[in-house]
Amino acid sequence: MVKLDRVVGGTGIEAWPVSTSEGRGLPKILEFTRELQSGNASVAGRNEPISLIEVDGKYYVESDGRHRTAALKALGVAEIPVMVTHVR
């Protein structure tokens, strides 16, 4: 379990810029937020936990999971189950 406020970005990313790519960005985050609220989505996504890298006590989303993480942050979730794959 990781406190969500310690997740600060993605690999090599220090902020949460929103992608404008098709099927991504704010519409995808809003979709995840609504699905999580209604119980139609899981924090584990498609049976894969969010993978994080820990660096100096802060966490970065390794690859898949940025939209889920942003949606969970928007919902005010305090802690989430994750898989920490690297510690630096």
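Placed above this text is the structure.
The residue numbers shown here count from 1 along each chain, following its written sequence. Per-residue local features are limited, in this predicted model, to residues with pLDDT of at least 70; the limit for side-chain atom pairs, both in listing and counting, is 80 or more; totals at the level of whole chains, interfaces and linings are taken over all residues. Computation of side-chain values: all heavy atoms of the structure, hydrogens and water removed.

> Just give me the short version of the nonpolar core, but keep the residues and values in it.
Among buried residues, those of type Ala, Val, Leu, Ile, Met, Phe, Trp, Tyr and Cys that are joined through side-chain atoms within 4.5 Å constitute a nonpolar core. To sort residues, take the accessible area from a 1.4 Å probe on protein chains only and compare it with the maximum for the residue type: under 20% means buried, over 50% means exposed, and anything in between is partly exposed. Counting residues in each nonpolar core, the largest one holds 15 residues, and the members touching the most others are Val2, Val7, Ile50, Leu52, Leu72, Ile80 and Val82. Helix numbers and strand numbers start at the N terminus; a helix is a DSSP run of H or I with at least 4 residues, a strand a run of E with at least 2. Contributions of two or more residues to this core are made by α1 (25–38), β3 (50–55), β4 (58–61) and α2 (66–74). Contact criterion: two residues are considered in contact whenever any of their non-hydrogen atoms come within 4.5 Å of each other. In contact with isoleucine 50, not counting residues within four places along its chain, are Val43, Val61, Asp64, Gly65, Arg68, Thr69, Leu72, Ile80, Val82 and Met83.

> Go over the packing of α1 against α2 with me, naming the residues and quoting the values.
Throughout, an axis means a line fitted to C-alpha atoms (over the contacting stretch in the case of helices), and angles, computed between N-to-C directions, take values from 0 to 180 degrees. Following both chains from N to C, one finds α1 and α2 inclined at 60°, their axes separated by 8 Å at the closest point. Classified by the angle their axes make, α1 and α2 are oblique. Relative to α2, the crossing made by α1 is right-handed. Across from Gly25, Lys28, Ile29, Phe32, Thr33 and Leu36 in α1, the residues of α2 making contact are His67, Arg68, Ala70, Ala71, Leu72 and Ala74. When residues are sorted by character, Ala, Val, Leu, Ile, Met, Phe, Trp, Tyr, Cys and Pro go into the nonpolar class, Asp, Glu, Lys and Arg into the charged class, and all the rest, Gly among them, into the polar class. A per-class count over the contact of α1 with α2 returns seven nonpolar, three polar and two charged. An angle counts as roughly parallel when it lies under 35 degrees, as roughly antiparallel when it exceeds 145, as roughly perpendicular when it falls between 65 and 115, and as oblique in every other case. Each crossing is labelled by how the near helix is turned from the far one, with a counterclockwise turn of less than a right angle marking it left-handed and a clockwise turn marking it right-handed.

> Now, about the side chain of arginine 68: what can you tell me, with residues and values included?
Topologically, arginine 68 is positioned in helix α2. Here arginine 68 is in contact with Phe32, Ser42, Val43, Ala44, Gly45, Glu48, Pro49 and Ile50, once residues within four sequence places are set aside.

> Give me the lowdown on the environment of arginine 6, citing residues and values where you can.
With respect to the helices and strands, arginine 6 occurs in the loop between β1 (2–3) and β2 (7–10). Each C-alpha atom of the pair arginine 6 and glutamate 54 lies 9.4 Å from the other, and the pair is 48 residues apart in sequence. Not counting residues within four places of it along the chain, the set of residues in contact with arginine 6 comprises Glu54, Gly57, Lys58 and Tyr59. In protein, a polar contact requires one atom able to donate a hydrogen and another able to accept it; more generally it is a pair of N or O atoms within 3.5 Å, and residues adjacent in sequence count only if both atoms are side-chain atoms. Here glycine 57 takes part through its backbone oxygen, which lies 2.8 Å from a polar atom of the side chain of arginine 6.

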